[in-house]
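Observations on the model geometry
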Amino acid sequence: MRLILLGPPGSGKGTQAQRLVHRHGIVQLSTGEMLRAAAAAGTPVGLQAKEIMANGGLVPDEVVVGIIADRIEEPDAKKGFILDGFPRTVPQAEALDELLRKKHLKLDAVVELRVNESALLARVEKRAEETRARGEEVRLDDTPEVLTKRLAQYRSLTEPLIHYYSERRKLLTVDGMMTIEHVTREINRILTALGALEPKEHEEPESASKASRTAKKTAKRTTRKAAESASLAAKPARKAAKGASKPASKVKAAKKAAKKTAKQPARKTVKKAARRAARAANARKGAKGSKKAHEKAS
Ligand code: AMP
């Protein structure tokens, strides 16, 4: 599985990436972490990046693209990876596309964690507090002033990626304001619907785009109830996605089942509406009849 987590600073990308790593045994590639490690080690790249990071700027595209290009060649990235904090600009995304294309690898999905900006400062302050409590060094860029700059960078340079990946039908949006547990569950559900959690790395499930559309719709729902019904809605898509690895007849059957289930709510609504209309017509008839009778009587 190859996945990108997209979201502003404090949206929970790192937390969710770690949870996915833990559950699926694939590596988390965080350019921020790599740059911080390089800065701590005092490498030329690290020293160049350190100041930029402390000021809330972005490290040049060619630097981070170079880091990622090397990193995905490592044996532990063969099974898949979660990109956290990369790409952050359209040129980085284009470079990644090119890297993957050359290696005949496919990107499974881009999960955008959507959050209210007003909550980010509190989250970043909490992260700093927790780091301090653990006796670790607090990130230089986890301050209100630098966060404001990082958010501005996100809006102008990273947010265009939402459109970039949405156009390529890779984008799935999750409500990042839910609890950590809920967000994880939602991401896992989406990835299952896409078939991304199955070990067929080079195959595109026949109904992946359908599953993606269903997952996208459902991911946007925020209430618990909506999430539950969304889970049902994703079922046919999951079935169809699974069917992609089965013989043609089974794929057909899975597709038929998915279509049938997808149509059901609409059909039910139509039936209900028809019944309601019939009842109303009867009531009107009755009313007319009694009016006539009344007129006759008078
Ligand atoms: P993060 O840990 O992802 O919040 O990143 C911390 C800082 O590292 C960012 O504010 C940037 O200065 C730098 N950085 C991380 N990833 C990238 C990237 N893909 N492109 C440019 N700069 C990056």
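The structure presented is a predicted model; accordingly, all values stated were derived computationally and were not measured.

Cut-off values and rules
Residues numbered from 1 in each chain as written. Predicted model: local features only at pLDDT ≥ 70, side-chain atom pairs only at ≥ 80, totals over all residues. Heavy atoms only, no water. Salt bridge = Lys/Arg side-chain N within 4 Å of Asp/Glu carboxyl O. Helix = DSSP H or I, 4+ residues; strand = E, 2+ residues; numbered from the N terminus. Buried < 20%, exposed > 50% of the residue type's maximum accessible area, 1.4 Å probe, protein only. Near = heavy atom within 4 Å. Polar contact = N/O pair within 3.5 Å; in protein donor to acceptor, adjacent residues only side chain to side chain. Areas by Shrake-Rupley, 256 points an atom, 1.4 Å probe, with all protein chains shown as cover. Nonpolar A, V, L, I, M, F, W, Y, C, P; charged D, E, K, R; others polar. Axes fitted to C-alpha atoms, helices over the stretch in contact; angles between N-to-C directions. Parallel < 35°, antiparallel > 145°, perpendicular 65-115°, else oblique. Left-handed = near helix turned anticlockwise from the far one by under 90°. Contact = heavy atoms within 4.5 Å. pLDDT = per-residue confidence, 0-100.

For side chains of opposite charge, pairing can occur when their charged atoms come near one another. Tallying each qualifying case throughout the model produces 17 salt bridges. Salt-bridge contacts for Glu181 lead to Arg19; the nearest nitrogen and oxygen are separated by 3.3 Å. Highlighted residues: Glu181 in helix H9 (residues 180-194) and Arg19 in helix H1 (residues 13-24), separated in sequence by 162 residues. A relative accessible area of 40% means that Glu181 is categorised as partly exposed. When the shortest N-O distance is used, the salt bridge between Arg155 and Glu117 registers 2.8 Å.

Near the ligand, the surroundings consist of 16 residues, among which Thr31, Gly57, Gly85, Arg88 and Gln92 are the closest. Here an oxygen atom of the ligand sits 3.0 Å away from a polar atom, N or O, in the side chain of Arg36. Taking Gly85, its main chain carries an N or O atom lying 2.9 Å from a nitrogen atom of the ligand. The fraction of the free accessible surface of the ligand (480 Å²) that becomes covered by protein chains is 96%. Here the shell around the ligand gets four residues from one element, more than from any other, and that element is helix H2 (residues 31-41). A breakdown of the residues in the shell around the ligand according to their chemical character gives six nonpolar, five polar and five charged.

To continue, consider the packing of helix H4 (residues 61-71) against helix H5 (residues 90-102). Packing of H4 against H5 brings their axes to within 10 Å, and their N-to-C directions diverge by 30°. One element, H4, and the other, H5, form an angle in the roughly parallel class. Here the hand of the crossing between H4 and H5 comes out right-handed. Contacts between H4 and H5 pair Asp61, Val64, Val65, Ile68 and Ala69 from the former with Pro91, Gln92, Ala95 and Leu99 from the latter.

Here we come to the confidence of the model for the protein chain. For the protein chain, the mean per-residue pLDDT works out to 76, and 66% of the residues sit at or above 70. For the stretch residues 199-273, pLDDT sits under 50, and the model shows 71 contacts to residues farther than four places along the chain or on other chains. Scored below 50 in pLDDT, residues 284-298 shows zero contacts in the model against residues more than four places distant or in partner chains.

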